[in-house]
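Chain by chain, the residues:
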Amino acid sequence: MELLSYTFFLLFLIAGEGVCVNAQDRRMKTLTHHHHHHHHHTYGRFRPTKLFVFGDSYADTGNNPMSLASSWKAPYGATFPGKPAGRYSDGRVLTDYLARFMGIKSPLPYKFRKYGPGKLRCGLNFAYGGTGVFDTGNLLPNMSTQIGLLQRLIKDKVYTKRDLKASLALFTVSGNDYDTYTSNGGTEEGLPAFITSVVNQMAIDLKRVHHIGIRRVLVTTLQPIGCLPRQTVYSSYKQCNETENTASEYHNQLLQEVVATLNNNTKESSFIILDTFSAFKTVLDSKTVLTGNSKFSLKPCCEPTHIDANCGSLDKNGKELYTVCNEPESMFFWDTVHPTQAGWRAVYLTLRSSLNSINA
């Protein structure tokens, strides 16, 4: 099964055109090219053609090891591409929607760079599910190491300075450092100081990527961790845990400060905050057509049926230890921590107006 999935994934990668830009976007460019005398204001605008992604499972599109990661097990990938393909969702994740906004194909996971050499021109995805700014105890590359992987490719002349100038970077930090802190016995009193050290390290990483030559750097705020199903299960999925959300808000306040400082020290506003915290809140608080005009539930679509199980877990006889909802498209959460494709799409649509500042 795993081998089949892997073969399917490689075919899926190699299929399609070797170029990066979507056909639809090419048509748009042709249109604007023919009418350029009406469009003087578009000159000097930044239109990135490559996306480099650093982070965790909110951005990973297939880097994690197939033998270990739930993202390569059923029912992950059930909506898109129809079988497990390394995304922590039933379908597309934030990376895919950002690439769509840019009018390019979703960048190849770093792990598959040898299989799709023609595809490297869209950029690369270095994000690994379960990782953090610091080591999180799973032997996967943390953020600094991920940036090092790009630096090695630059050294090997896979990407030129000119490539980097036409690139956008995305950073997602979704709380794995804080999970590790808690599971290692970190106290509530010590948390603010630890949050400060995480955000300070983020500032170093963001600056480093810009210094490499990437012109614009996007960074997500920490989502409202108290609204994740693993927290809301304690209120029978009725309400978010606001104490946990306060920790997210503290992280985000510090992040706003460090990004403001970084922007003060660069010629153009190179660093842009993508406020996923507010987007999650907005989407979860609003009534939507997807759910028959009610609010999205805080319940996950794929729910473990056993205390030690996760979405995708099987017992020793191969029996599923989880249930899957009938309509993932009407649910915000896929599993206990990750949004569905529908959830990510709703978040992306909420963030789309702030994404316009990339092209400024």
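Quick notes on the rules
Residues numbered from 1 in each chain as written. Predicted model: local features only at pLDDT ≥ 70, side-chain atom pairs only at ≥ 80, totals over all residues. Heavy atoms only, no water. Helix = DSSP H or I, 4+ residues; strand = E, 2+ residues; numbered from the N terminus. Buried < 20%, exposed > 50% of the residue type's maximum accessible area, 1.4 Å probe, protein only. Lys, Arg positive; Asp, Glu negative; His and termini not counted. Salt bridge = Lys/Arg side-chain N within 4 Å of Asp/Glu carboxyl O. Polar contact = N/O pair within 3.5 Å; in protein donor to acceptor, adjacent residues only side chain to side chain. Contact = heavy atoms within 4.5 Å. Core = buried A, V, L, I, M, F, W, Y, C linked by side-chain atoms within 4.5 Å. Phe/Tyr/Trp six-rings, centres within 6.5 Å; stacked < 30°, edge-to-face > 60°.

## Describing the side chain of Asp56
Part 1 of the argument: Tracing the sequence through the fold places Asp56 in the loop between β1 (50-54) and α3 (94-102).
Part 2 of the argument: For the buried residue Asp56, which engages in no salt bridge, the nearest side chain bearing the opposite charge is Arg230, 10 Å off.
Part 3 of the argument: Of the polar contacts made by the side chain of Asp56, one reaches the side chain of Thr172; its length is 3.0 Å.
Part 4 of the argument: Filtering out sequence-adjacent residues up to four positions away, Asp56 remains in contact with Ala127, Tyr128, Gly129, Gly130, Thr131, Thr172, Val173, Ser174 and Asn176.

## Topic: the nonpolar core
Part 1 of the argument: In terms of nonpolar packing, the biggest core is built from 91 residues, with Phe54 and Phe171 touching the most fellow members.
Part 2 of the argument: Of all the elements, helix α7 (residues 191-212) adds the most residues to this core, at nine residues.
Part 3 of the argument: Discounting chain neighbours no more than four positions away, the residues touching Phe171 are Phe54, Met143, Ile147, Asp205, Leu206, Val209, Val217, Leu218, Val219 and Thr220.
Part 4 of the argument: Counting residues in each nonpolar core, the second largest holds seven residues, with Tyr76, Cys302, Cys311 and Met331 among its members.

## Things to note about the environment of Pro339
Part 1 of the argument: Among the secondary structure elements, Pro339 is positioned in the loop between β10 (322-324) and α11 (341-355).
Part 2 of the argument: Separated by eleven residues in sequence, Pro339 and Pro328 place their C-alpha atoms 9.9 Å apart.
Part 3 of the argument: Discounting residues that sit within four places of it in the chain, Pro339 has contacts with Tyr58, Tyr88, Ser89, Phe280, Phe332, Phe333, Trp334 and Trp344.

## Section: the packing of aromatic side chains
Part 1 of the argument: All told, the structure shown has 19 aromatic pairs when counted by the stated rule.
Part 2 of the argument: Summarising the aromatic geometry, the rings of Phe134 and Phe194 are spaced 6.2 Å apart at their centres and angled 45 degrees between planes, so their arrangement reads as tilted. Taken together, the positions of Phe134 in the loop between β3 (123-125) and α4 (143-155) and Phe194 in helix α7 put the pair 60 residues apart, joining distant regions of the chain.
Part 3 of the argument: On the basis of relative accessibility, which here comes to 27%, the residue Phe134 falls in the partly exposed class.
Part 4 of the argument: Phe194 gets classed as buried once you look at its relative accessible area, which sits at 18%.
Part 5 of the argument: Centre to centre, the rings of Phe332 and Phe333 are 4.8 Å apart; their planes meet at 85 degrees, and the pair counts as edge-to-face. As far as burial versus exposure is concerned, Phe332 and Phe333 are alike and both buried.
Part 6 of the argument: An aromatic cluster is built from Phe52, Phe54, Tyr110, Phe126, Tyr159 and Phe171, whose rings are joined through pairwise contacts.

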